[in-house]
Amino acid sequence: LQPNVVTITSLLTACFDRNNVTMARLLAGSFNDAARRSDRRLLLDIECAMIVGLCRQDRGSARIRHRVAEALCRYAEITDPYSGGSTSFRMPVRVSNALLAGLVAVGDVAGATKVLALMESSAAHQPNGYSFSMMMALFARSKQFERAAVLWKRLLYE
């Protein structure tokens, strides 16, 4: 039986539901090996599921910053054509927003700004109102009110 996107994301989600990131990494690795032999698109779906799972906000997790940093690296590998990323695949907005939410939670302005820039390029689907709202909150929390105001105006007029 070949793995498919439904079975893979279900298993990875179950691992993250139980806060078992190690098992999620092991499963993703074994799925990646199988997908390399058959379907590049499945590889991208696995990475998307890992990014979303790594950015989940588990209460009491002291390792959230490390997990979000790992998710950002995975995202960059997929979206940056200079590091071997796909030029034909555009990161879904839900995955980008999950990463943005994680970056906002840990206060990573530089990482969130990089993700927003990738979303505005052809590497990912365009940001939506939720993307801009998260970024405005991050800029406001980091006392970068001018940057938040610029996004507010874009949100109003686009």
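All chains use their own residue numbering, which begins from 1 and follows the written sequence. For a predicted model such as this one, the threshold for reporting local features is a pLDDT of at least 70, and the threshold for listing and counting side-chain atom pairs is 80 or more; totals across whole chains, interfaces and linings nevertheless cover every residue. Excluding hydrogens and water, the side-chain figures rest on all heavy atoms present in the structure.

> Would you mind going over the confidence of the model for the protein chain with me for this structure?
The predicted structure's coordinates, where accompanied by low pLDDT, should not be read in detail. Residue-level confidence of the predictor is summarised by pLDDT, bounded by 0 at the bottom and 100 at the top. Mean pLDDT over the protein chain: 85, with 89% of residues reaching 70 or higher. Mean pLDDT across the elements of the protein chain ranges from a minimum in helix H2 (residues 21-38), with 84, to a maximum in helix H5 (residues 93-106), with 94. Helix and strand assignments come from DSSP, with helices taken as H or I runs of at least 4 residues and strands as E runs of at least 2, each series counted from the N terminus.

> Just to check I follow, could you spell out the environment of Glu-77 for this structure?
Take Glu-77: it is sitting in helix H4 (residues 64-79). In the structure, Glu-77 is positioned 30 residues away from Glu-47 in sequence and 9.8 Å away in space, judged by C-alpha atoms.

> Just checking my understanding: could you explain a nonpolar patch on the surface for this structure?
Excluding any residue in a salt bridge, patches collect residues exceeding 30% relative accessible area, merging like charges within 9 Å and nonpolar Val, Leu, Ile, Met, Phe, Trp and Tyr side chains within 5 Å. Areas reported as accessible are Shrake-Rupley estimates using a 1.4 Å probe. Residue values count occlusion only from the protein chains shown. By convention in these notes, a salt bridge is any Lys or Arg side-chain nitrogen within 4 Å of a carboxyl oxygen on Asp or Glu. Together, Trp-152, Leu-156 and Tyr-157 give the surface a local cluster of nonpolar side chains, amounting to about 410 Å² of exposed area. For each residue, the accessible area found with a 1.4 Å probe, counting protein chains only, is set against the maximum for its type, and the residue is called buried under 20%, exposed over 50%, and partly exposed in between. Under the relative-accessibility criterion, Leu-156 is labelled partly exposed at 48%.

> Looking at this structure, how should I read the packing of H4 against helix H6 (residues 109-120)?
Between two packed helices, the angle of one axis relative to the other and the distance separating the axes together describe the packing. Axis definition: a line fitted to C-alpha atoms, over the contacting stretch in the case of helices. Angles run 0 to 180 degrees between N-to-C directions. It is the contact of H4 with H6, at a shortest axis distance of 12 Å, that shows an interaxial angle of 25°. Judged by the angle between their axes, H4 and H6 are roughly parallel. Every pair of crossing elements has a handedness; the one defined by H4 and H6 is left-handed. In this structure, H4 contributes Leu-72, Tyr-75, Ala-76 and Thr-79 to the contact, and H6 contributes Gly-111, Lys-114, Val-115, Leu-118 and Met-119. We call Asp, Glu, Lys and Arg charged. Ala, Val, Leu, Ile, Met, Phe, Trp, Tyr, Cys and Pro are nonpolar, and the rest, Gly among them, are polar. Per-class residue counts for the contact of H4 with H6 are six nonpolar, two polar and one charged. Our angle categories are set so that under 35 degrees counts as roughly parallel, over 145 as roughly antiparallel, 65 to 115 as roughly perpendicular, and the remainder as oblique. When the near helix sits turned anticlockwise from the far one by under a right angle, the crossing is termed left-handed; a clockwise turn instead gives a right-handed crossing. Residues are treated as being in contact if the distance between any of their heavy atoms lies within 4.5 Å.

> In this structure, what is going on with H4? I would like to understand it.
By this rule, a helix spans an expected 1.5 Å times one less than how many residues it contains. For H4, built from 16 residues, the straight-helix expectation of 22 Å at 1.5 Å per residue is met to within 8% by its first-to-last C-alpha distance of 22 Å. Restricting attention to buried positions, one finds in H4 the residues Ile-64, Arg-67, Val-68, Glu-70, Ala-71, Leu-72, Arg-74, Tyr-75, Ala-76, Ile-78 and Thr-79.

> Would you explain the packing of H6 against helix H7 (residues 129-141) in this entry?
Direction vectors running N to C along H6 and H7 enclose 155°, while the axes themselves pass 11 Å from each other. The angle between the axes of H6 and H7 places the two elements in the roughly antiparallel class. The interaxial crossing formed by H6 with H7 has left-handed handedness. Between H6 and H7, the residues in contact are Val-109, Ala-112, Thr-113, Leu-116, Met-119 and Glu-120 and Ser-131, Phe-132, Met-135, Leu-138 and Phe-139, respectively. Considering only residue class, the contact of H6 with H7 consists of eight nonpolar, two polar and one charged.

> Just to check I follow, could you spell out unusual backbone geometry for this structure?
Backbone geometry follows two general trends: most residues other than glycine have a negative phi, and most peptide bonds adopt the trans configuration. Phi at Asn-19 is positive, roughly 60°, even though this residue is not glycine. Structurally, Asn-19 can be placed in the loop between helix H1 (5-17) and H2. Asn-19 sits in the partly exposed class, given a relative accessible area of 38%. The phi dihedral of Lys-143 falls on the positive side, at around 60°, and the residue is not glycine. Locating Lys-143 in the fold gives a position in the loop between H7 and helix H8 (145-157).

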